[in-house]
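If you want the building blocks of each chain, they are given just below.
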Amino acid sequence: MKVNFTETVLRDANQSLIATRMPFEAFEPILAAMDKAGYYSLECWGGATFDSCLRYLNEDPWERLRKIRKACPNTKLQMLLRGQNLLGYKHYPDDVVRLFVKKSVENGIDIIRIFDALNDVRNIQVAVDETLKNGAHASGTICYTLSPIHNLENYVKLAKEIEALGVQSICVKDMAGIMSPKEGYELIKALKENVKVPVVVHTHSTTGLGFMTLLKCVEAGADVIDSSISCFSGGTSQPATETLVYALKQLGYDVPVDEKVCKEINDFFKPVRAKALESGLLNPVVMGTQTDALIYQIPGGMLSNLVAQLTAQNKLDKLDEVLLETPRVREDLGFPPLVTPMSQMVGVQATANVLAGERYKNISKEVKSYIKGEYGRAPGKVSEELQKLVLGDEQPITCRFADTLEPGVEAARAELGDRATCDEDVLSYIAFPAQAEKFFEAREAKKKNTFTYAIKKVD
Ligand code: CO
C-alpha cells in the first residue's frame, strides 16, 4: 500500500515553531532539492505565512509563492485556507473569497486545504467551488476535536457532506495533537469505509501522540500524512518525515520519498534552526512534549496564550480557575473545535469570566457575533441563558453569514486607487489593510530610491 507525504517545513512547522518568521531567502537554496524529494505536496503558503510576510518580513506573499512555484515545478504546492475567513478572522463576501482562490491558483497553488473552525460546511462551500472551477485540488477538511457531541457517526456524516461538494480529498486536521492512536485508527477506518476520495491526516507532536497516531492512521488506510523534515519536527510541529519514511518502508509500505534527498534537506535546515535557537526565535520548550493538552483538552498554543494573557495582567495565580472555566465556556458555545479563531475567543472569554469574578459580566465582541450566528452554525446547542443575555428577544441568524455581506472587491479597489498594481495587491489589502498599506509604501520608496537600496544590500 502506498503512503504519500506532505512536507510542512515551509508552512506549519515554520508557523508552529518559529511563528512563521522564516524569510524566503532562508530556504530558497534548498527548494530545488525539495522538488526532487518525492513529496506528494509541499505545504508552503496560507495559514500565517501571508500575514507574516507583510507584517514582519517585508515580503510580498504572492511573490514568495511565485518564486517557490518556479523553483519547484514538479511538486504540488499546497496552502491552508480558513474557508470563508480566508486567512483572517472574519467572514469575507463571496466575491473576495472567489478572487482570492482564483489568484492563489494562478500564482502557483495546486492543492487548497479548506477548513471551517465550526465544521460548518456552508463556510467552505464557495472556496471549494472556486478551487474546482480553477482546476485545482480542493481538500475538504474536518477539524478534529473531542466533546460529548463529536463522535464517529457525526464525523462520517460531515465527511459525506464535504465529499458531496466535489472535493478530491478529505483531511482530518488535528490542530492540537490530541487525536490518540485508537481514535485516529477508528476515525480513518470509518472514513475509508464511507467516502471514496483519499484521506489525509494532519496532526502535531505537541502531546507526543503524533508518531503513534500517524502509524495507526496509516494502518487504517490513510493515503497521505503530514510531516516535517526532522530538524523542524517535534513539539508543536509535525512528526519527523525521515523517521516515518524509515519505519513505514520497513513495514512494507510503498513510500515514494527519497531518504537521501531528505538528508540533504535536513542538513540544509540545521543551521537555520541553530540561528533561530541562538536568536531566541525558537524556544526549546516548544520542541519538547507537553502532555497538559491531554488533561485540559485544549491546544498547546492556546495554553501558552492563556499563560501570556494572565502574566501580562499579573494574574497568573488565576490560571487553574481559567483552565476550569475554559471547557465551561466551550460548552456554553456549543462545543466549537478549539482552532483559530474559536480558540482565542473561548480563551479570552474564560479569562474575562474569571477575572471579573462573574460569568459573562463582560462579553467580548467576537462572542457576541458568534452568538448572533455570524461565524456559522455552532456544532452543539448554545446556552440559552447566554443567548438571552446577548440577543434579548432577537433570534440568531440561521442563513450563511456571507449571504448578508456586500461585495468587497470593487470597494477595496476604489480605496486603493493606483497604490495597487494588481489584483493580488487588492487582496493583500482586503486581508490585512494596515500591513498591506505599509508594505506598498515601502515598496514605492524602494522603487524610487534604488541607489540607496543598492548600497544597503551590499552590507
Ligand atoms: Co497544523
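Everything here concerns the structure above.
Residues numbered from 1 in each chain as written. Predicted model: local features only at pLDDT ≥ 70, side-chain atom pairs only at ≥ 80, totals over all residues. Heavy atoms only, no water.

Turning our eyes to something else, we now look at the overall build of the chain. Counting secondary structure elements, the chain contains 23 helices and 8 strands. Taken over the C-alpha trace, the chain has a radius of gyration of 22 Å; the compact-globule value for 459 residues is 23 Å, and the two agree within 12%. Expressed along its principal axes, the backbone C-alpha trace of the chain runs to roughly 60 × 60 × 50 Å. Long-range contacts, defined as pairs at least 24 residues apart, comprise 75% of the intrachain contacts of the chain with a sequence gap of at least 6. Put simply, the chain shows about 19,900 Å² of open surface, and 52% of that area lies on carbon and sulfur atoms. (Helix = DSSP H or I, 4+ residues; strand = E, 2+ residues; numbered from the N terminus. Rg over C-alpha atoms; globule rule 2.2 N^0.38 Å. Contact = heavy atoms within 4.5 Å. Areas by Shrake-Rupley, 256 points an atom, 1.4 Å probe, with all protein chains shown as cover.)

Another aspect to go through is the pattern of salt bridges. Tallied over the full model, the rule gives 31 salt bridges. Residue E43 pairs with R11 through a salt bridge whose shortest N-O separation is 2.9 Å. One end of the pair, E43, is in strand 2 (residues 41-46); the other, R11, is in the loop between strand 1 (4-7) and helix 1 (12-18), and 32 residues separate them in sequence. As far as burial versus exposure is concerned, E43 and R11 are alike and both buried. Note that R328 is salt-bridged to E325, the shortest N-O span being 3.2 Å. Note that R328 and E325 are positioned in helix 16 (residues 319-332) at a spacing of 3 residues, about one turn of the helix. Looking at E325, the relative accessible area reads 4%, which means it is buried. (Salt bridge = Lys/Arg side-chain N within 4 Å of Asp/Glu carboxyl O. Buried < 20%, exposed > 50% of the residue type's maximum accessible area, 1.4 Å probe, protein only.)

What follows deals with the coordination of the cobalt ion. Six octahedral donors around a metal ideally make angles of 90 or 180 degrees; four tetrahedral donors ideally make 109.5 degrees. Protein-derived coordination of the cobalt ion comes from D12 (OD), H202 (NE2) and H204 (NE2), at a distance range of 2.1 Å. For the cobalt ion, the donor residues sit on a single chain with the sequence spacing D-x189-H-x1-H. Separated by 192 residues along the polypeptide, D12 in helix 1 and H204 in the loop between strand 7 (199-202) and helix 10 (210-219) bring together distant segments of the chain. On the accessibility criterion, D12 (4% relative accessible area) is buried. Given a relative accessible area of 5%, H204 falls into the buried group. (Donors = N, O, S within 2.8 Å, 3.2 Å for Na, K, Ca; no water.)

One pass over the structure, following the stated rule, counts 13 aromatic pairs. Taking the centre distance of 6.2 Å and the plane angle of 35° together, the rings of F50 and F432 count as tilted. Taken together, the residues span a long stretch of sequence, with F50 in helix 4 (residues 49-55) and F432 in the loop between helix 21 (423-431) and helix 22 (433-448) at a distance of 382 residues. Across the pair, F432 and F50 agree in class, each one buried. Centroid distance Y370 to Y375: 6.4 Å. Interplanar angle 45°. Geometry classified as tilted. The exposure classification of Y370 matches that of Y375, with both residues buried. Ring pairing ties together the aromatic residues W45, F50, W62, F100 and F432, which thus form one cluster. (Phe/Tyr/Trp six-rings, centres within 6.5 Å; stacked < 30°, edge-to-face > 60°.)

On to the environment of I298. Note that I298 resides in the loop between helix 14 (292-296) and helix 15 (300-312). By relative accessible area, I298 is classed as buried at 3%.

With that settled, the discussion passes to the side chain of E130. On the secondary structure map, E130 appears in helix 7 (residues 122-133). Within polar-contact distance, the side chain of E130 engages the side chain of R98 at 2.8 Å. Sequence-distant contacts of E130, defined by excluding residues within four places in its chain, comprise R98, V101 and K102. (Polar contact = N/O pair within 3.5 Å; in protein donor to acceptor, adjacent residues only side chain to side chain.)

So, about the sheet that holds strand 1. With respect to topology, 8 strands assemble into a closed barrel ordered 1-2-3-4-5-6-7-8, the strand pairing being parallel. When strand polarity is set aside, the average angle formed by the axes of neighbouring strands in this sheet is 30°. Of the strands in this sheet, strand 2 and strand 3 (76-81) are in contact with helix 5 (residues 61-71), which crosses strand 2 at around 165°. Running at roughly 170° to strand 4 (residues 111-114), helix 7 makes contact with strand 3, strand 4 and strand 5 (137-143) of the sheet. (Pairing = 2+ DSSP bridges. Axes fitted to C-alpha atoms, helices over the stretch in contact; angles between N-to-C directions.)

Given a rise of 1.5 Å per residue, 14 residues ought to cover 20 Å, and the 20 Å separating the end C-alpha atoms of helix 16 matches this to within 8%. All of the buried residues along helix 16 are L319, V322, L323, E325, T326, V329, R330 and D332. The positive-phi residue at the C-terminal boundary of helix 16 is G334, with phi of around 85°. (Expected span 1.5 Å × (residues − 1).)

Those residues of helix 5 that sit buried are P61, W62, R64, L65 and I68. One side of helix 5 carries all its buried residues, which in axial view fall inside an arc of 160°. The opening residue of helix 5 is D60, an N-cap whose side-chain oxygen sits 2.9 Å from the backbone nitrogen of W62. (Arc of directions from axis to C-beta.)

Attention now moves to the environment of L10. In this fold, L10 is placed in the loop between strand 1 and helix 1. Given the relative accessible area of 0%, L10 is considered buried. With 229 residues separating them in the primary sequence, L10 and P239 have C-alpha atoms 14 Å apart. Leave out the neighbours within four places in its chain, and L10 touches F27, L31, M34, L42, E43, C44, T49 and F269.

This brings us to the pairing of strand 3. Within strand 3, 5 of the 6 residues are buried, leaving the element largely enclosed by the surrounding structure. Alignment of strand 3 against strand 4, held across 4 bridges, turns out to be parallel. Looking at strand 4, one finds that M79 is bridged to I112. Assessed by its sense of winding, the connection that carries the chain from strand 3 through helix 6 (residues 94-106) to strand 4 is right-handed. (Right-handed = clockwise from strand over helix to strand, strands pointing away.)

In this structure, P341 follows T340 across a cis peptide bond, with omega equal to 0°. Considering the arrangement of structural elements, one finds P341 in the loop between helix 16 and helix 17 (342-356). Despite not being glycine, N314 shows a phi value in the positive range, around 60°. If you trace the backbone, N314 turns up in the loop between helix 15 and helix 16. Even without glycine at this site, Y360 takes up a positive phi of about 55°. Tracing the backbone through its elements, the reader meets Y360 in the loop between helix 17 and helix 18 (365-372).

Worth remembering: the numbers are spatial, not functional.
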